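# A structural walkthrough
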Amino acid sequence: MGVPARALDYADSFLPGVIPQEAELTAGVRIEPGKSYGFFTDTTLCIGCKACEVACKEWNALPADDLGLKGTSYDNTGSLSANTWRHVAFVEKISGDEGTRVTEMQPFQSNWLMMSDVCKHCHNAPCLEACPTGALFRTEFDTVVVQPDICNGCGYCVPACPFGVVDLSPDDGKAHKCTLCYDRLKGGLEPACAKSCPTDSIQFGEVPDLVERAKARVVDLHAKGARNAYLYGAPDTPGATGGLGHLNAFFLLTDRPEVYNLPTAPTRAANRVEPALTAGLVTMAGLALTAAAVFALAKAGPTGPGRNGEIR
Amino acid sequence: MPQWDLANADAILVMGSNMAENHPIAFRFVLQAKEKGATIIHADPRFTRTSALSDMHAPLRAGSDIAFLGGIIRHILENDLWFKNYVLGYTNISTIIDERFQDTSELDGLFSGWNEEKQTYQYESWQYKDMHVPASLAEHFVNTTESFSDCTKRLKKGPTPKDLTLQHPNCVYQILKRHYAAYTPEMVERTTGCPKETFLKVADALVRASGPDKTAAICYAVGWTHHSTGVQMIRAAAIIQLLLGNIGRPGGGILALRGHSSIQGSTDIPTLYNMLPGYLPQPHAFKPHGTLKDFFGVEETPTGWWSNFPKYMISLMKAWYGDNAVKENDWGYDFLPKIVGDHSQQPLTLAIRDGLVKGLFLLGQNPAVGASNSALVQRSLANLDWMVVRDFTETETASFWHKGRPVRDGELTPQNIKTEVFLMPGSLAGEKAGTFTNTHRLVQWHDKVVDGPGDSRSELWFIHHLGRRLKELYQDSADPKDKPIRSLTWNYPVKGEKEDPDVEAVLKEINGYTVADGKQISDPKYLQDDGSTACGCWIYCGVFPEEGHNQARSRRPDGPDGPGTHLGWGFAWPANRRTLYNRASADLQGKPWSEKKTLVWWNAEKGHWEGKDNVDFSQEKPPDYRPEWSQEPSGMDALGGDDPFIMIADGRGALYVPSGLKDGPLPTHYEPVESPVRNPLYGQQHNPAVKIWQRSDNPLHAPGDPRYPHALTTYRLTEHHSGGTPTRSVATTAELQPEGFCEIPPELAGELGIRTLDWVVLSTPRGDIETKAIVTERLQPFQLNGQSVFQIGLPWHFGWRGYATGDIANVLTAIVGDPNTSMHENKALTCGLRKGRLNRPAQGD
Amino acid sequence: MKTIRRRTFASRALNFVREWSLPRQAAGQSAYAEAAKSRYSTQLRPRLEEADTVGTNICPYCAVGCAQLVYAKNGRVIHVEGDPRSPINQGTLCPKGAATFGWLTSDQRMSQVLYRAPYSDRWEPKPLDWAMDRIAQLTKRTRDETFVRTLPNGMPVNHTLAIASLGGATLDNEENYAIKKLFSGGLGMVWIENQARV
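Residues numbered from 1 in each chain as written. Chains lettered and ligands numbered in written order. Predicted model: local features only at pLDDT ≥ 70, side-chain atom pairs only at ≥ 80, totals over all residues.

## So, the overall build of chain A
Per the secondary structure count, chain A includes eight helices and 10 strands. Going through the 312 residues of chain A one by one, you find that 51% of them count as buried. Residue pairs in contact within chain A that sit at least 24 positions apart in sequence constitute 65% of those at least 6 positions apart. (Helix = DSSP H or I, 4+ residues; strand = E, 2+ residues; numbered from the N terminus. Buried ≥ 20, exposed ≤ 12 C-beta atoms within 10 Å, placed from the backbone. Contact = placed C-beta atoms within 7 Å.)

Following this line, the structure appears as structure tokens:
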């Protein structure tokens, strides 16, 4: 198998800099503002190596949460959190229906299920709708990102997320979650987790393309004998429920969602609280504007997340 | 086979390897093959992340692999499923063996030639009828009563004795059939614990994916080598692949998945005791190696590629000793030290313990964690006068004198340890330039991008400046013993403030040059035995073929429409050939076996071989070339145009190996040295030729010892790297597997009342460790000959340093060795298990 | 430290107006999207773009041989990731390879020579040159005390059995070559081994 043709344009050992639109080489996609990007995580290709967790933490300079054997198969990070934006779940189902250990399995992943979970970047993102400060916003790549210079740590987004993704950091008190590598997308780079994924279980691309690819994959898997494969979070599939629309980060699963610790039918909490929230938001915005005006005049200088480059 | 070629396979058997976990990126190509419809099989003692992605998992007890593979060989032979044209044409299946040969099936587990007193074999009865074929390994010489060189010279007088009808009772085919007759599916089940239905499905899948239109691949790793029968496990795979016609062909072959970034390079250019660069033997005091003439007399192979041996040897000595290597002094042959026995790591531990070795350099290795019988290793270090540790952090080995197990147990204190220790910071990736050779012989250059921190330096810097100092210390010596160091060429240019040696200058010396004008040489075929060429490692000749052209640095892969051999990306030895023995990808007449499986072919019009790869054969030798025996041809002239296996003296793939192996010409199932069961196949319990160093500080137990009833296997996890020094020092990897643990099947855990995260104690005659339990169905009990045996799994990455810690697994393991390689047996031993903790003081940080 | 640019009142006011969300919303931008974009988000770029040197590395862990790109700025590595050109890994890396940057910058790394004298209970820092000289002297002393030229039967062996070296599988070919050449070809050491038998 060959590498993408454009790789041949860079034949030196030293390079002049970042390869422009590197994502074309690694994911076959050009990254441009105004389009919708996401992840298709195909669990049938996942080998549970956790390269995604490491690549994410190395790129985003996220610290280890706590060190300790958890006794939950090979999962020792436990869950998504403010410091863990990709998390690989492990589910052992080594025995077949007869209670004896399997020797023949369906093709691709089976019996020891591994799934790299991540923020779903919902089409109708409840976290974003719950955010009173505008810290959570929808980027030009149709992803949902917390802006650390705006977030005040109020925590409204945390219960709003139907997937338990958003978390307040014990270090800076602010909300943190996967940004779908917002900075990398601006530079034409594939998100760190998807780029590192050894088996392309995590695929990055334009959402419509990914959905098409994912549907074809399900058909192919069914033909190959993995009859229980289905999509979760793609348009009109489980996971894309409760007013969320579709999920920009969606999954191919082979068992019930709850087996992977995903909600069977996630709901948009905002459906219930929207009117009250809007009123609150208007008030909050007014106050914030006044405060911001005073603040901006009193204190100049760039603000940043204060997190990059920090190694703990 | 190149790793990417796995994508062309129709079936892949992963055995002796947990590929998805330990070589995740290589596993990409397994999944690419799967996408195209290949069957993926994992035969392994445990259900691992590799099994989860496979179509089949064949469970087998650790150490029983030859019984399983032997069963496949029997299945192929008994059901006549072998690839006739390939096997008859390209292997020694029809060769007739000496009439004195007796098989293990006749001698209850021994081959003929066993010398009970010396505990070794005499190899004469294993030879071809009236003809000796030297080993194709680094050490070609084997001891024979008749002069060895007289025996091997007969190879030039005519073809090897054959019976193409395969009826001769002593032809390889008949011997193979007799040898494996007992390896029935039922016997496989009794010995390995793998249900026979599962075994048969595996055998069937491999056979179905082989033939002219199809190829199957086998991937292995240290799950095969870490045994007292490790070499023979790999040999068994070679027999299967030869019988199925899967060697030298696209998508076929045997891929060794090796575990360190340049472990292949450090074998090719060996920091190993028994070889010189390029698989040339290190002269041995107890072999007829007294003079260079003697050495060539017994090590030169008259026929096949190895006939070039003197050219490579003399060119090496020219590279090392320059103008001091002249014809009159045998090119400096006496400067080379002779070995007197097994100087590998395990006997080294004992030699240090016994006070023979006074000084030790550790260059990026951490034996306190990585070596067998760790308590003995740690104790032995206190017997050294001095030790230099070069690493990026304080390893367990470096800290033995204040944190080691003997110190913790009160056996030693720093105040009574004499060892003078130097701990020196080493440079890491990106901080030095040089080449690594990967697991498929691909030599790839890496750049120096930044300086390492503070006083950290590369090993090349260390060795260069140490050598420079030593040459100064010895420069005025007239003592003949100092002649080698004084004669050594050691003038690599240095650059920069830190005086870094020029790495490309070293690579150019490895590549080779003409002595007269210092011009680099582009191909090993230009190397000479008259002192006119110098070459540090003949198989790397061509890596730097001309000034300004470092092929290891080349970054030109094939695009989407290219042949997919990526000849422009790096350099694969020898001569940038990507698939060894690829002449076998074409049929006897030189045409690809199938249009679906093309690699190289004979172009009759142009009179040469061509194709997607550089041919691993004489470029212009036609398929119908036959040696002119009346002329007593030597070298490549003695191999026909359809003898693809050019490193072997008769050009044939060796189903049966007459010389070079110390434990028999055919793989035979023996139990591990420490086994829970008796050998179901033979009275001979374990490998008769195994290296055993039984002594009070390295005790072993007898089979079936009730104190150690469980099978134990050790292994790596994807989240850590071998001894764990790097990955335990980095938070992002340490948190993924933060503590030592062992894996226990629920059936055994239930009996002992053990639950996940409980502390347990594992014990062997060498010592005991405490660790946490993970109870999992991924481990399973085996029914062996009516006896139920539990198996326990133990990752061995941990130690007392870094963020992820745990007891050292190698406290449990023993110093025993494969007779061919001296490799330990840490994949298969036995242990005791109890719930609870050790009553002991805390260790380490 | 960065120099802080003094800003005029006018430029601050201009910036404020430019970054203020409300006018942007009034102009039709979404309050959930463009209009909510902060200064941080506007200025964000991948830090790889700051690299002044980008070199090719080969992953230092297993033997698969994945290519990596090392990004450095002012002589310090700022990141390491997979090289998209490699026919082996095409930009991907396993968890170990993906942590190469973490290894290079690990707080467990040492940057000076530590020395433990015989019978001492502590490490002491030493200059590199001092250590090199001392090691050369010890090597020579041990070699000279233990060198064997011939066996009793006259067979020349020219070796010392008293000095050993372990390691090489993690090192470059050039380094292995130099080790074997100096230790075996120069000094006559025979205990030379690496991880290939581990």
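## Here we look at the interface of chain C and chain B
Interface size is commonly expressed as the accessible area that is lost once the parts come together. The interface of chain C with chain B comprises 103 residues on the first partner and 130 residues on the second. Among the elements that make up the side of chain C that touches chain B, the one with the highest residue count is helix α7 (residues 173-186) of chain C (13 residues). Of the residues contributing to the side of chain C that touches chain B, the split by class is 56 nonpolar, 31 polar and 16 charged. (Nonpolar A, V, L, I, M, F, W, Y, C, P; charged D, E, K, R; others polar.)

## Here's the deal with the environment of Pro738 of chain B
Mapped onto the fold, Pro738 of chain B is located in the loop between α24 (731-734) and β26 (741-744). Accessibility expressed as a C-beta count within 10 Å gives 24 for Pro738 of chain B, which makes it buried. For the pair Pro738 of chain B and Ala217 of chain B, spaced 521 residues apart in sequence, the C-alpha separation works out to 35 Å. If we ignore the near neighbours within four places in the chain, the residues touching Pro738 of chain B are Leu67, Gly68, Leu69 and Asn76 of chain A together with Ala804 of chain B.

## A few points about the sheet that holds strand β2 (residues 67-73) of chain C
Residues and elements named next belong to chain C. The sheet built from three strands is open, its strands ordered β1-β2-β3 with antiparallel pairing. Two strands bound the open sheet, and with one partner strand each, they are β1 (53-58) and β3 (76-82). With direction set aside, neighbouring strand axes in the sheet form an average angle of 25 degrees. (Pairing = 2+ DSSP bridges. Axes fitted to C-alpha atoms, helices over the stretch in contact; angles between N-to-C directions.)

## Looking at the pairing of strand β10 (residues 249-253) of chain A
Residue and element names in this part refer to chain A. Counted residue by residue, β10 has five buried out of five residues, so it is predominantly covered. Burial of β10 is two-sided: the residues Ala249, Phe251 and Leu253 facing one way and the residues Phe250 and Leu252 facing the other way are all buried. Pairing geometry for strand β1 (residues 37-42) and β10, over four bridges, is parallel. Along β10, the bridge assignment pairs Phe39 with Ala249. In the sheet, strand β9 (residues 230-232) pairs with β10 via three bridges, with the strands oriented antiparallel. The residue bridging Tyr230 from the neighbouring strand is Leu253, located in β10.

## What about the sheet that holds strand β7 (residues 253-256) of chain B?
All names here are of chain B. One open sheet accounts for five strands, arranged β3-β2-β1-β6-β7; its pairing is parallel. The open sheet has two free edges, formed respectively by β3 (56-59) and β7, since each of these has just one partner strand. Ignoring strand direction, the axes of neighbouring strands in this sheet form an average angle of 20 degrees. One ladder, built from four bridges, connects strand β1 (residues 11-15) with strand β6 (residues 216-220); its direction is parallel. Following the sheet pairing, Ala11 is matched in β6 by Ala216.

## A closer look at the domain arrangement of chain C
Here the domain parsing of chain C yields domain 1 (9-43), domain 2 (47-104) and domain 3 (113-197). Of note, the centres of domain 1 of chain C and domain 2 of chain C, computed from C-alpha atoms alone, are 37 Å apart. (Domains from an automatic or database assignment.)

## Thoughts on the pairing of strand β28 (residues 767-775) of chain B
Residues and elements named next belong to chain B. Looking at chain direction, β26 and β28 are connected through four bridges and run parallel. Among the inter-strand pairings, Phe741 is bridged to a residue of β28, identified as Lys772. Inspection of the sheet shows strand β27 (residues 759-764) paired to β28 by six bridges, in the antiparallel sense. Considered in β28, the bridge of Leu762 is made with Ile769.

## Digging into α7 of chain C
Residues and elements named next belong to chain C. Taking 1.5 Å of rise per residue, the 14 residues of α7 would be expected to cover 20 Å, and the 18 Å separating its terminal C-alpha atoms lies within 8% of that figure. Where burial is concerned, most of α7 is hidden: 14 out of the 14 residues are buried. Following α7 by one or two positions, Gly188 has its phi on the positive side, about 80 degrees. (Expected span 1.5 Å × (residues − 1).)

## Overview of the environment of Leu599 of chain B
All names here are of chain B. Inspection of the secondary structure puts Leu599 in the loop between β21 (571-572) and β22 (600-603). Here Leu599 falls in the buried class, since 26 other C-beta atoms lie within 10 Å of it. C-alpha of Leu599 to C-alpha of Ile774: the two residues are 175 residues apart in sequence and 47 Å apart in space. Not counting residues up to four positions away in its chain, the partners in contact with Leu599 are Arg249, Pro250, Thr579, Asn582, Ser585, Gly611, Lys612 and Asp613.

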